[in-house]
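# Topology and contacts: notes
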Number of protein chains: 2
Amino acid sequence: MNNPDSQTLPRTGRIRIDNQARIIEAAEMEFAEAGYKGASMVSIAKRAGLPRANVHYYFNNKLELYNRLLLDILQLWNTAFSQITAEDDPAEAIGAYIRAKVMYSKTNPRASRIFASEIIQGAPHLSEYLETDFRDWLRGKSRVIDAWAAQGKIDPVDPLVLIFLIWSATQHYADFSVQVVSVLGDRSLDEVDFEMVATNLTHIILKGCGMKPPTDHSLPRLAMS
Amino acid sequence: MNNPDSQTLPRTGRIRIDNQARIIEAAEMEFAEAGYKGASMVSIAKRAGLPRANVHYYFNNKLELYNRLLLDILQLWNTAFSQITAEDDPAEAIGAYIRAKVMYSKTNPRASRIFASEIIQGAPHLSEYLETDFRDWLRGKSRVIDAWAAQGKIDPVDPLVLIFLIWSATQHYADFSVQVVSVLGDRSLDEVDFEMVATNLTHIILKGCGMKPPTDHSLPRLAMS
DNA sequence: GCTATCCTTGACATAAATGTCAACTTATTG
DNA sequence: CAATAAGTTGACATTTATGTCAAGGATAGC
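Please read all numbers here as calculations on a predicted model, not as lab measurements. (Residues numbered from 1 in each chain as written. Chains lettered and ligands numbered in written order. Predicted model: local features only at pLDDT ≥ 70, side-chain atom pairs only at ≥ 80, totals over all residues. Heavy atoms only, no water.)

Let us now look at the overall build of chain A. The secondary structure content of chain A amounts to 10 helices and 0 strands. If you list the helices and strands of chain A from N to C, you get α-α-α-α-α-α-α-α-α-α. For chain A, the C-alpha atoms occupy an extent of roughly 60 × 45 × 30 Å along the three principal directions. Evaluated residue by residue, chain A yields a buried proportion of 54% over its 225 residues. Of all intrachain contacts in chain A linking residues separated by at least 6 positions in sequence, the fraction that spans at least 24 positions is 66%. Between the centroid of the 24 positive side chains of chain A and the centroid of its 27 negative side chains there is a distance of 6 Å. (Helix = DSSP H or I, 4+ residues; strand = E, 2+ residues; numbered from the N terminus. Buried < 20%, exposed > 50% of the residue type's maximum accessible area, 1.4 Å probe, protein only. Contact = heavy atoms within 4.5 Å. Lys, Arg positive; Asp, Glu negative; His and termini not counted. Charge placed at Lys NZ, Arg CZ, Asp CG, Glu CD.)

This is the structure we're talking about:
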């Protein structure tokens, strides 16, 4: 085998770093657009502007490349969202979380799509993660929400439904952006749009759970062209 | 060409009807699990328990089969959701809509996943639909919601955000069911779960938009095993 | 029970994708 | 400035997928 170890021992040169980055970028596009099975190494190589054999030099096979991407995505996901505890003010914590999630959709739409495809297709490469870290995180946060409800700070809504509501509503603007854009008259979403989505969602969700929303009137609107 | 016309002239025999149904069922599974590019006719034929050439007898190629499926899905989508008008009571109309959408996720999870994959992957086969029927429907409903807001019946939330919120939150239980199931301890979702999701979502969304939710306390919960 | 149509399927021809290799070139470093 | 390591790439072997066809079997309507 030519490749000594593409994963654990990144050697000195910046050539390696550069090329791996280009390949990962290309792979992110391809996997986001085609899913795991539908993606092809040929296409990834083309996007990266490298001969296919060169891609195989850095990543032995398609699965290895895909797993690397998934790992990056999970890592990003874990670090991007702060820890919420029962002591926090729920309105503030949930509001900040919604906002962070919306901005994540704006900044990392492809990561979001790859993750979504993986889950839709039955999460064959993420089952372990789902059974462990993911489950624990979610159960932990559920307890926090329950605690808030017990203290009368929020309505006694089901915590899982609330969390899934926040996730789905925010990820929608990454995963389904084509749909959103098409109704806006093919103008793409900008910073202001995302702000406006965050504000509206925060209003509905906070108020819907019995908290005081930050803005009570004059909600901003999406402009249709 | 063997096949006279697989689309427009369904001939007499029930053989045709039976086999087409089996193939469509198989294709639905395959496309839901792999997306358009990732799906293979080999795999569809296996699922249908037919030799591949036989599948090609009924559907000339993969795209034709896929388009047929998309058409079925859009048709289902159009007929399944009633027309909401400005004269309706918003709480009732939106509540009923949320409930219908949740039940759609329960009943047609694969259709939902195929549609989701198509959109995530850039909707290459649905661009026309998105630019016409879809857009019109959505703009029409937006005006209804605006009218409700103008009459002071609901908070002046952005109508698109509200609709997307309802869609994403309800479809989540079809598209991301693996994720949901994994946190419940690998017990699959049943009728009661979907009822409970509908009730919780209705509470949050109606209240969040300034309407009176049907149940104000004692919301049901998802049981984790 | 004959005949026209419909259905079935193994076999073929292409095309596309995957992963490997060996020969070669470019970098790095002592 | 060697000489060792790292990187590049065309070519190969294999696998998988696609769509077509022709020959034969089953069905239906008369």
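This is not the end of the story, as more comes after the structure.
If you rotate chain B by 180° and push it 0.0 Å along the axis, it lands on chain A with an RMSD of 0.0 Å. The relationship between the two copies is best expressed as a two-fold rotation axis. Of the residues that chain B buries at the interface, 100% are likewise interface residues in chain A, meaning the two copies contact each other through the same surface. (Least-squares fit on C-alpha atoms with pLDDT ≥ 70 in both.)

Counting 159 residues, the largest nonpolar core has A:Phe31, A:Leu162, B:Phe31 and B:Leu162 as the members making the most contacts within it. Not counting chain neighbours up to four residues away, the residues in contact with A:Leu162 comprise A:Ile94, A:Ile145, A:Val157, A:Ile205, A:Cys209 and B:Ile204. (Core = buried A, V, L, I, M, F, W, Y, C linked by side-chain atoms within 4.5 Å.)

Residue and element names in this part refer to chain A. One non-glycine residue, Ala123, lies in the positive phi region at around 50°. Examined against the element boundaries, Ala123 turns out to sit in the loop between α6 (109-120) and α7 (127-150). In this structure Ala123 comes out as buried when scored by relative accessible area, which is 2%.

Residues and elements named next belong to chain A. Here chain A is described as being made up of domain 1 (14-65) and domain 2 (81-208). Of note, the centres of domain 1 and domain 2, computed from C-alpha atoms alone, are 29 Å apart. Counting residues at the interface gives 8 residues for domain 1 and 5 residues for domain 2. Here domain 1 packs against domain 2, burying approximately 640 Å² in sum over the two surfaces, 62% of which is carbon and sulfur. Considering only the surface of domain 1 that becomes buried against domain 2, Glu28, Ala32 and Tyr36 emerge as the three largest contributors, covering 58% of it. Seen at the junction of domain 1 and domain 2, the total is 2 salt bridges. We note a salt bridge from Glu25 to Arg110, for which the minimum N-O separation is 3.5 Å. Our count for the domain 1 to domain 2 interface comes out at 2 residue pairs in polar contact (both at pLDDT 80 or more). Of the residues forming the side of domain 1 that touches domain 2, the biggest block, 7 residues, is contributed by helix α1 (residues 14-38). (Domains from an automatic or database assignment. Buried area = accessible area lost by both parts, 1.4 Å probe. Salt bridge = Lys/Arg side-chain N within 4 Å of Asp/Glu carboxyl O. Polar contact = N/O pair within 3.5 Å; in protein donor to acceptor, adjacent residues only side chain to side chain.)

The subject of this paragraph is the pattern of salt bridges. Opposite charge on two side chains permits them to pair, given that their charged atoms come into close proximity. Considering all chains together, one arrives at 24 salt bridges over all chains under this definition. One salt bridge connects B:Arg221 with A:Asp158, and the closest N-O pair in it is separated by 3.6 Å. Placement of B:Arg221 in the segment after α10 (191-208) and of A:Asp158 in the loop between α7 and α8 (159-175) is noted, with the two residues assigned to different chains. Overall, A:Asp158 belongs to the buried group, its relative accessible area being 2%. Between B:Glu33 and B:Arg47 there is a salt bridge, with its nearest N and O atoms 3.1 Å apart. Placement of B:Glu33 in helix α1 (residues 14-38) and of B:Arg47 in helix α2 (residues 41-48) is noted, with a sequence separation of 14 residues between them. B:Glu33 gets classed as partly exposed once you look at its relative accessible area, which sits at 39%. Given a relative accessible area of 33%, B:Arg47 falls into the partly exposed group. Here the residues in one salt-bridge network are A:Glu25, A:Glu28 and A:Arg110, joined through shared partners.

Turning to the environment of B:Ala34, a few remarks are in order. Position of B:Ala34 among the secondary structure elements: in helix α1. Once the C-alpha coordinates of B:Ala34 and B:Val157 are considered, the two residues, 123 residues apart in sequence, prove to be 37 Å apart. Ignoring any residue separated from it by four or fewer positions in sequence, one finds B:Ala34 in contact with A:Ala34, A:Lys37, A:Gln121 and B:Ala39.

It is worth spelling out the packing of aromatic side chains at this point. Summed over the entire model, instances satisfying the criterion amount to 24 aromatic pairs over all chains. Aromatic side chains A:Phe31 and A:Tyr36 sit 6.1 Å apart centroid to centroid with 15° between the ring planes, which places their arrangement in the stacked category. No difference in accessibility class separates A:Phe31 from A:Tyr36, as the two residues are buried. Clustering of aromatic rings is evident, with ring pairs tying together A:Trp77, A:Tyr97, A:Tyr129, A:Phe134, A:Trp137, A:Phe164, A:Trp167 and B:Tyr173. The positively charged end of A:Lys62 is found above the aromatic ring belonging to A:Tyr36, 5.0 Å away from the centroid. (Phe/Tyr/Trp six-rings, centres within 6.5 Å; stacked < 30°, edge-to-face > 60°. Lys NZ or Arg CZ within 6 Å of the ring centre and 35° of its normal.)

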